Amino acid sequence: MTRFSERTITEVPTPAPLPPAGPTLALTSAATAVALMTYTAPMVTLPDIAAALHTPLSAQAWLLNGTPLGLAALLLVAGSLADDYGRRRVFVAGTLALGLTTVLGAFASNTWLFTLARIAQGAASAALLASSLGLIAHAFPTPAGRLRATGVWGAFVSGGIAVGPIVTGAMPSWRLSYVVLGAAAVVVGAVSARALPHTEERRTAEERPSVDRYASRAPRGRRPDLGGAVTFGSALIALVAALTLGRDGWLRAPVGLLLLVSLVLLALFVVVERRAAAPMIDLGLLRRPGFLASSAGGLFTGLAVIGLFSFLPALLQQTMGLSAMDTAWLFLLWSGLSFAVALQARRLSGRVSPRLQLALGFLLHAAGVLTMLGSIGSGSWTRLLPGLVVAGVGSGLLNAALPLLAVESVPAQRAAMGSGAQQTLRYIGSCAGVALTIALATSSSGGLAQGADVAMVVSAGLAVVAGVVVGVLRERG
């Protein structure tokens, strides 16, 4: 009887415990911060990089746009791969690849080699960013836990943006800063390979239920959507090239041709996605107001916020004579406030929805940017301070609300895809916003100061439009 009881007990399947959430949050946040530090590295060193690589003003958009181009082109693919083949695998591979490609960027000898290294950095960052939110969504299954975790992750997005310019500005050369950031990414990747749980590799297909709460991937494996990746990435490259060439005249034939090519490729992308057995984005999600709000929020964050603040430090150095370090400390007011607000925004839970946080964040950005009008022409950096404070609060609200809305707007088993879709549009907006900002600021007949004011007005207008759009997109029922 005793033997029978023991045998019966051993045959009862016991659910495996969920993996520890602390290491997952710590490592994904650390890798995200390093990725954003490499992303923002050229912001305060752009004049030095352009001088070292002999980059003309008309081509400097490529120095800034390499990483967001790689991010936008591959985030959706990375999200699908992470969901289907293991978020841990994709995260570790992406973090290690980020370290390698960042070090390679330090040894670039011309504009195009540096741009190619930056695009490769973006591709690696796409892998770790898309998979990190999927890992967090798996490690924190309860709404309260997920709210706290995504708030911390969003704060580290702002933290990476804040620290990146300080680190690069403090280094003796921009090349050394790339070596240091690359080494940091390798260290985080190596620790992640040992510390992140192996649950997903140990469970077989027969052991996984239709929606697996133990494995950090979707319940089925699929082939990557290469057709979608090629058409989407090519459309994005054509769009960025058109916006970059637009500085020398928007009505020129090459600009119009590139815009037409971009539209044709986007249409082809939609056709490919409708026919694909495993599309990298489920177009049916476009019927979800929450997904639309998340996507619009990401797009306009890149277009209005990142686009302006990516080039504004270089403008200050060229017009006010500030050093790279001076500019980094000045912009720490904006990015540091963004970090602090994103970290504390979870306290708004239950009182303000993520969608309304987005709307408020965009409106605060618009108000802050309009406050800075005329500051560059006056030659006084102190006139920037009130606007940087207001815009920093708005940016923090955006960085806190976007990741939470991204994972809540899609089914749980497609969390990385939802994250990838929102971040893809964020970096599409960033590519377009940087190219547009540079075109507006450098093509004005009144000089850089007047051009900067034009770029600020456009950024504020786009933010107001975004606030209205995300404000009216409500979940039905």
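Since the structure is predicted, the reported quantities are computational estimates derived from the model, not experimental observations.

1. As for the overall build of the protein chain
Part 1 of the reasoning: From N to C terminus, the protein chain includes 18 helices and zero strands.
Part 2 of the reasoning: For the protein chain, the residues scored as buried account for 57% of the 477 residues in total.
Part 3 of the reasoning: Contacts in the protein chain between residues far apart in sequence, at least 24 positions, make up 83% of those at least 6 positions apart.
Part 4 of the reasoning: Carbon and sulfur atoms form 68% of the exposed surface of the protein chain, whose accessible area is close to 18,600 Å².

2. Quick look at the layout of surface pockets
A water-sized probe, rolled over the atoms, reveals where empty space remains.
Part 1 of the reasoning: Here the largest pocket is characterised by a volume of approximately 340 Å³.
Part 2 of the reasoning: If you go around the largest pocket, you meet 16 residues; those closest to its centre are F269, I281, L286, S295 and L425.
Part 3 of the reasoning: Of all the secondary structure elements, the ones that give two or more residues to the lining of the largest pocket are α11 (253–275), α12 (289–320) and α17 (415–442).
Part 4 of the reasoning: It is α12 that contributes the most residues to the lining of the largest pocket, five residues altogether.
Part 5 of the reasoning: Residues belonging to the lining of the largest pocket are distributed by class as follows: 14 nonpolar, two polar and no charged.

3. Section: the packing of helix α5 (residues 87–106) against helix α8 (residues 174–195)
Part 1 of the reasoning: Running from amino to carboxyl end, α5 crosses α8 at an angle of 160°, the nearest separation of the two axes being 7 Å. Overall, the two elements α5 and α8 adopt an arrangement that is roughly antiparallel. In this structure, the crossing between α5 and α8 has a hand that is left-handed.
Part 2 of the reasoning: Of the residues that constitute the contact of α5 with α8, the class distribution is 16 nonpolar, seven polar and two charged.

4. A few points about empty space enclosed by the protein
Part 1 of the reasoning: This model, assessed by the stated rule, comprises seven cavities of 30 Å³ or more.
Part 2 of the reasoning: There is about 110 Å³ of room inside the largest cavity.
Part 3 of the reasoning: Around the largest cavity sit 14 residues that line it, and I161, V305, I306, W334 and R426 are the ones nearest its centre.
Part 4 of the reasoning: Only α2 (21–40), α12 and α16 (385–408) provide two or more residues apiece to the lining of the largest cavity.
Part 5 of the reasoning: Sorting elements by how many residues they give to the lining of the largest cavity places α12 first, with five residues.
Part 6 of the reasoning: A per-class count over the lining of the largest cavity returns eight nonpolar, five polar and one charged.

5. Considering the confidence of the model for the protein chain
Reading predicted coordinates in detail is not appropriate for stretches of low pLDDT.
Part 1 of the reasoning: Per-chain confidence: the protein chain averages 81 in pLDDT, with 85% of residues scoring 70 or above.
Part 2 of the reasoning: Low confidence marks residues 200–221, where pLDDT is under 50. Its contacts with residues over four positions away, or in another chain, come to 53 contacts.

6. Considerations on the side chain of T95
Part 1 of the reasoning: Residue position: T95 is located in helix α5.
Part 2 of the reasoning: Judged by its relative accessible area of 2%, T95 falls in the buried class.
Part 3 of the reasoning: Filtering out sequence-adjacent residues up to four positions away, T95 remains in contact with A31, L128, A185, V188 and G189.

7. Thoughts on the environment of M37
Part 1 of the reasoning: Relative to the helices and strands, M37 resides in helix α2.
Part 2 of the reasoning: Classification of M37 as buried rests on a relative accessible area of 13%.
Part 3 of the reasoning: Distance in space between the C-alpha atoms of M37 and I161 is 5.8 Å, their sequence separation being 124 residues.
Part 4 of the reasoning: For M37, the contacting residues outside a window of four places in its chain are G160, V163, G164, V167 and L181.

8. A look at the packing of helix α3 (residues 42–53) against helix α4 (residues 60–85)
Part 1 of the reasoning: The geometry of α3 relative to α4 is characterised by a closest axis approach of 10 Å and an angle of 125° between their N-to-C directions. When the axis of α3 is compared with that of α4, the two are oblique. Relative to α4, α3 is oriented so that their crossing is right-handed. Seen from α3, the contacting residues are P42, M43, L46, I49, A50 and L53; seen from α4, they are Q60, L63 and L64.
Part 2 of the reasoning: A class-by-class count of the residues in the contact of α3 with α4 yields eight nonpolar, one polar and no charged.

9. A word on unusual backbone geometry
Part 1 of the reasoning: Despite not being glycine, H54 has its phi angle at roughly 55°, a positive value.
Part 2 of the reasoning: Of note, H54 is situated in the loop between α3 and α4.
Part 3 of the reasoning: Taking the relative accessible area as the measure of exposure, H54 reaches 69% and is therefore exposed.

10. What to know about the environment of G467
Part 1 of the reasoning: Positionally, G467 belongs in helix α18 (residues 448–472).
Part 2 of the reasoning: Look at G467 and you get buried, because its relative accessible area is 7%.
Part 3 of the reasoning: In sequence terms G467 and F362 are 105 residues apart; their C-alpha atoms lie 5.3 Å from each other.
Part 4 of the reasoning: Leave out the neighbours within four places in its chain, and G467 touches A359 and F362.

11. Observations concerning the environment of M325
Part 1 of the reasoning: Positionally, M325 belongs in helix α13 (residues 324–344).
Part 2 of the reasoning: Here M325 falls in the partly exposed class, since its relative accessible area comes to 21%.
Part 3 of the reasoning: Between the C-alpha atom of M325 and that of T168, which follows or precedes it by 157 residues, the distance is 8.3 Å.
Part 4 of the reasoning: Those residues within four positions of M325 in sequence are excluded, and the remaining contacts are I166, G169 and A170.

12. With respect to the packing of aromatic side chains
Part 1 of the reasoning: Summed over the entire model, instances satisfying the criterion amount to nine aromatic pairs.
Part 2 of the reasoning: Relative to Y178, the ring of F114 lies with its centre 5.8 Å away and its plane at 50°, an arrangement referred to as tilted. Placement of F114 in helix α6 (residues 111–139) and of Y178 in helix α8 is noted, with a sequence separation of 64 residues between them. Accessibility assignment for this pair places F114 and Y178 in one class, buried.
Part 3 of the reasoning: With a centroid separation of 5.1 Å and an interplanar angle of 50°, the aromatic rings of F232 and F269 are classed as tilted. A residue pair is termed long-range when its members are at least 10 positions apart, and F232 in helix α10 (residues 226–245) and F269 in helix α11 qualify at 37 residues.

Definitions and cut-offs
Residues numbered from 1 in each chain as written. Predicted model: local features only at pLDDT ≥ 70, side-chain atom pairs only at ≥ 80, totals over all residues. Heavy atoms only, no water. Helix = DSSP H or I, 4+ residues; strand = E, 2+ residues; numbered from the N terminus. Buried < 20%, exposed > 50% of the residue type's maximum accessible area, 1.4 Å probe, protein only. Contact = heavy atoms within 4.5 Å. Areas by Shrake-Rupley, 256 points an atom, 1.4 Å probe, with all protein chains shown as cover. 1 Å grid on protein atoms, 1.4 Å probe; cavity = no way out; pocket = protein on both sides within 12 Å on 5 of 7 lines; lining within 4 Å. Points joined across faces, edges and corners; volume = space filled by probe spheres on them. Nonpolar A, V, L, I, M, F, W, Y, C, P; charged D, E, K, R; others polar. Axes fitted to C-alpha atoms, helices over the stretch in contact; angles between N-to-C directions. Parallel < 35°, antiparallel > 145°, perpendicular 65-115°, else oblique. Left-handed = near helix turned anticlockwise from the far one by under 90°. pLDDT = per-residue confidence, 0-100. Phe/Tyr/Trp six-rings, centres within 6.5 Å; stacked < 30°, edge-to-face > 60°.

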